[in-house]
Amino acid sequence: MKRSMTRTATGVMLSLLFTAAAQAEIAIVVNNSVGLSQINADVASDIFLGKLDALPDGTRMVPIDQEDGQAARTEFYTKVVKKDAAQLNAYWSRLIFTGKGEPPKKVADNAEVIALVKSNPNIIGYVDGSAVNSSVKVLLRLP
Amino acid sequence: MSQKKQLALIISALAAMPSAQAMTDAEMEARFKKYEEKIEALQAEVKELKANGGVVYVEDIDKQTRHNAKQIADIQHKMDAEAEKLKINGFMTAAVSDGDDPIEAAHDIMDNPNFRGDAKAGLQFNYKLGENSQAVLQLVARSHGNESWETNAEWAYIDYGMSENLHARMGRLRIPMYLFSESIDVGYTYPWTRPPLEVYQTILTSYEGADLLYSFNTGSVNHTLQPFVGSSLNNENIDQQYDTFPVFEGVPGAYPPVRARLKMDLKDLYGISLNSTWGNWTTKVTAMHLGIDGSLVLLDGLPLPPPLPAVAAGEVITEVSDNLQYYAIGGMYDNGSLLAMAEVANLRSSDYTFMGDGVSGHLTGGYRLGRWMPYATYAWAQSYNDFNDLYQMMGAVPNRNMKSVTLGVRRELTNQLSAKLEWVNYFDLENNGNLESGATSFAGALGDDANVYTLSLDAVF
């Protein structure tokens, strides 16, 4: 009895751990001066793929990416853009080699995104949910 | 401050710094070093002060240290900005193909394994000339069937951005005919080892001229409208060898084999393309006009029985001109797992002196399973209007009739490298002509069908 309970407890803990690892929250952030309070994932995706250059209310937006290998980057492209790294490369290659677009500029990590967004009213970024503070505005949270 | 001004500020801060502020790498290195030395000295001082209980100054020194660190970061950003003015991207395809008949074509498919036909390498240089403007050069090297590799500028243009949404480009450009026409050399961008020949082998892919790129949104649909105008003169890419020259058929006497070259001036090129994307959907509609002046020129002198005078090398045997109208419509759905594509093109000729009317198209489907994507394509090309002066002169058959079924699988080896293994069965090949530039001539494939197997590696970097 005791043994099976221990096993169950271990199982629950393990599944919690995995859930936590697989479900790091991702937040789309903009400057506090932005009037809009919410966008959907499609709009965020279109902005980061260079298909849209403004929020639905007309505010121009320049997306800021994070370096390859950052956990937030993987999460963002999986959950919001729904493309893996190879698909993303194929997408941008088609634009780069036809002179029709360039991928967003990259910064090092969550902290740099927050710092840029905080001081620029026209920059949109994504960060890990835990990196969000009151200096920026969250337009979308995805668990 | 207006939004536009703010945006301009951000972009200039993010991207190229004005060249007046530019420093050489050596200068930056020197400054770096200086600041680093300063920091080290300060750190040593702090340590000493701490050891001696001199806490009073520690805070000041910490401040100074932080300030210096910030300056180093600023310099780093400036260096990055300089580097960002010039961007170099590249792509490469290494491939081996094997057909059960030799197929004389741009892809040089033989009846034994051939590593040359599809191999190519490209480098693209983008140099930023201002906020929205750049100079772009894309060099592509390949060998086709020749012994040596040749490097050509497939793109070479100045892109002047009047705004983020309106760009004017002039120089050497690509015709935006089909979904992948403009990236046809970059194998990594499409599922196949080579896009369906029935559709993608057209008389012209690059031209000298100008286009406009105007992007706008209607709701959440993003459009790019692309009008273009230009020409491509002095094309000399089709040589024919005649063992029995058609016009002398039946004339008594023996004639040596002669070679003739088709010269083409492609002019009065103008058209417009609309590319639209909405979520997982992409559509492309293109209309284009092309004027052709062609002449068939003898490369060898042709001795004729007296009293006929010999025909000298360089003599023009026949001249033709025609006006072609191309229409194409294509759609693609890609949700990350399912990929579906359909493209149809229609060609209309005004005089039928050069080629007949025709339709072509393909249907393609693929499904991604992790790093694998099996795909299948059905493609066809059908020509009408059999009579054709030039073809009769060349002794060729005017029609371009072919169909194919393709089965393949693409595997992502890394995030920048994919491998594709593909089998194509071409069928209904009877009456297949070979006029179109680089088109597949199934001259060697005397039967009604041909199999081609290809393994390719496609990389972008």
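Note that the structure is a prediction, hence the values are computed from the model and not measured. (Residues numbered from 1 in each chain as written. Chains lettered and ligands numbered in written order. Predicted model: local features only at pLDDT ≥ 70, side-chain atom pairs only at ≥ 80, totals over all residues. Heavy atoms only, no water.)

**What about the overall build of chain B?**
Consideration 1: In terms of helices and strands, chain B carries five helices and 16 strands.
Consideration 2: Counting over 461 residues, chain B shows a buried share of 47%.
Consideration 3: Of all intrachain contacts in chain B linking residues separated by at least 6 positions in sequence, the fraction that spans at least 24 positions is 62%.
Consideration 4: Here chain B displays about 22000 Å² of accessible surface, and carbon together with sulfur accounts for 57% of that area. (Helix = DSSP H or I, 4+ residues; strand = E, 2+ residues; numbered from the N terminus. Buried < 20%, exposed > 50% of the residue type's maximum accessible area, 1.4 Å probe, protein only. Contact = heavy atoms within 4.5 Å. Areas by Shrake-Rupley, 256 points an atom, 1.4 Å probe, with all protein chains shown as cover.)

**Here we look at the confidence of the model for chain B**
Residues and elements named next belong to chain B.
Consideration 1: On average, chain B scores 80 in pLDDT, and the residues at 70 or more come to 75%.
Consideration 2: Strand 5 (residues 166-174) holds the highest mean pLDDT among the elements of chain B, 97, whereas helix 1 (residues 3-14) holds the lowest, 49.
Consideration 3: In this model residues 9-21 is a low-confidence stretch, pLDDT under 50, and it forms 26 contacts with partners more than four residues away in sequence or in other chains.
Consideration 4: Reported for the predicted complex are a pTM of 0.76 and an ipTM of 0.79. (pLDDT = per-residue confidence, 0-100.)

**Focus on the packing of helix 2 (residues 41-48) of chain A against helix 3 (residues 71-81) of chain A**
Residues and elements named next belong to chain A.
Consideration 1: Running from N to C, helix 2 and helix 3 point in directions that differ by 120 degrees, and their axes come no closer than 9 Å. Here helix 3 runs oblique to helix 2, going by the angle between their axes. Contact with helix 2, carried on its side by Ala41, Ala44, Ser45 and Phe48, involves Phe76, Tyr77, Val80 and Val81 of helix 3 and no other residues of that element.
Consideration 2: Here the residues of the contact of helix 2 with helix 3 sort into seven nonpolar, one polar and no charged. (Axes fitted to C-alpha atoms, helices over the stretch in contact; angles between N-to-C directions. Parallel < 35°, antiparallel > 145°, perpendicular 65-115°, else oblique. Nonpolar A, V, L, I, M, F, W, Y, C, P; charged D, E, K, R; others polar.)

**Some points on the interface of chain B and chain A**
Consideration 1: Residue-level contacts link 46 residues of chain B with 28 residues of chain A.
Consideration 2: Contact between chain B and chain A buries roughly 3100 Å² in total, counting both sides, with carbon and sulfur atoms accounting for 52%.
Consideration 3: Where chain B touches chain A, the interface holds three salt bridges.
Consideration 4: The closest approach of N and O atoms between glutamate 102 of chain A and lysine 87 of chain B, which form a salt bridge, is 2.7 Å.
Consideration 5: Counted by class, the side of chain B that touches chain A contains 15 nonpolar, 21 polar and 10 charged residues. (Buried area = accessible area lost by both parts, 1.4 Å probe. Salt bridge = Lys/Arg side-chain N within 4 Å of Asp/Glu carboxyl O.)

**Considerations on a nonpolar patch on the surface**
All names here are of chain B.
Consideration 1: A contiguous nonpolar patch, built from Leu86, Ile88, Met92, Leu123, Tyr127, Leu129, Ile158 and Phe461 and spanning about 730 Å² of accessible area, is present on the exposed surface.
Consideration 2: Broken down by secondary-structure element, the contributors of at least two residues to the nonpolar patch are strand 1 (86-99) and strand 2 (120-128).
Consideration 3: Sort the elements by how many residues they give to the nonpolar patch and strand 1 lands first, with three residues.
Consideration 4: With respect to the element layout, methionine 92 can be found in strand 1.
Consideration 5: With a relative accessible area of 42%, methionine 92 lands in the partly exposed category. (Patch = residues over 30% accessible without salt bridge, like charges linked within 9 Å, V, L, I, M, F, W, Y side chains within 5 Å.)

**Re the nonpolar core**
Consideration 1: Counting residues in hydrophobic clusters, the biggest one holds 41 residues, and the most contacted among them are Ile175, Phe180, Leu269, Leu290 and Tyr326 of chain B.
Consideration 2: Listing elements by their share of this core, those giving two or more residues are strand 4 (150-161), helix 4 (197-200), strand 8 (258-278), strand 9 (281-298), strand 10 (316-334), strand 11 (338-349) and strand 13 (372-383) of chain B.
Consideration 3: Beyond its immediate stretch of four places on either side in the chain, leucine 269 of chain B contacts Ile175, Leu204, Tyr207, Phe228, Val229, Gly230, Ser231, Met288, His289 and Leu290 of chain B.
Consideration 4: One finds Ile28, Leu36, Val43 and Ala86 of chain A within the second-largest nonpolar core, a separate group that totals 38 residues. (Core = buried A, V, L, I, M, F, W, Y, C linked by side-chain atoms within 4.5 Å.)

**What about the pairing of strand 8 of chain B?**
Residue and element names in this part refer to chain B.
Consideration 1: In the sheet, strand 8 pairs with strand 9 via 17 bridges, with the strands oriented antiparallel. Bridged to serine 273 within strand 9 is threonine 286.
Consideration 2: Between strand 8 and strand 9, which follow one another and run antiparallel, lie two residues, and glycine 279 among them has a positive phi close to 55 degrees. (Pairing = 2+ DSSP bridges.)

**A short note on the environment of glutamate 315 of chain B**
Residue and element names in this part refer to chain B.
Consideration 1: With respect to the element layout, glutamate 315 can be found in the loop between strand 9 and strand 10.
Consideration 2: On the accessibility criterion, glutamate 315 (40% relative accessible area) is partly exposed.
Consideration 3: On a C-alpha basis, the gap between glutamate 315 and alanine 95 in space is 40 Å, while along the polypeptide they are 220 residues apart.
Consideration 4: Beyond its immediate stretch of four places on either side in the chain, glutamate 315 contacts Leu296, Val297 and Leu298.

**Focus: the sheet that holds strand 3 (residues 105-107) of chain A**
The strands making up a sheet associate through hydrogen bonds between their backbones, and the pairing can be parallel or antiparallel.
Residues and elements named next belong to chain A.
Consideration 1: Strand order in the open sheet made by the five strands is 3-2-4-1-5, with mixed pairing throughout. Strands at the two margins of the open sheet, each flanked by one partner only, are strand 3 and strand 5 (136-142). Mean inter-strand twist for the sheet, computed between neighbouring axes without regard to direction, equals 35 degrees.
Consideration 2: Here helix 5 (residues 110-119) sits on the sheet in contact with strand 1 (26-31), strand 2 (62-66), strand 3, strand 4 (123-128) and strand 5, set at roughly 150 degrees to strand 4.

**Here's the deal with the pattern of salt bridges**
Residue and element names in this part refer to chain B.
Consideration 1: Under the defined criterion, the tally for this structure stands at 21 salt bridges over all chains.
Consideration 2: Residue aspartate 185 pairs with arginine 142 through a salt bridge whose shortest N-O separation is 2.7 Å. A residue pair is termed long-range when its members are at least 10 positions apart, and aspartate 185 in the loop between strand 5 and helix 4 and arginine 142 in strand 3 (residues 134-142) qualify at 43 residues. Considered together, aspartate 185 and arginine 142 belong to a single accessibility category, that of buried residues.
Consideration 3: Taking the shortest distance from any N to any O, the salt bridge between arginine 410 and glutamate 412 comes out at 2.7 Å.

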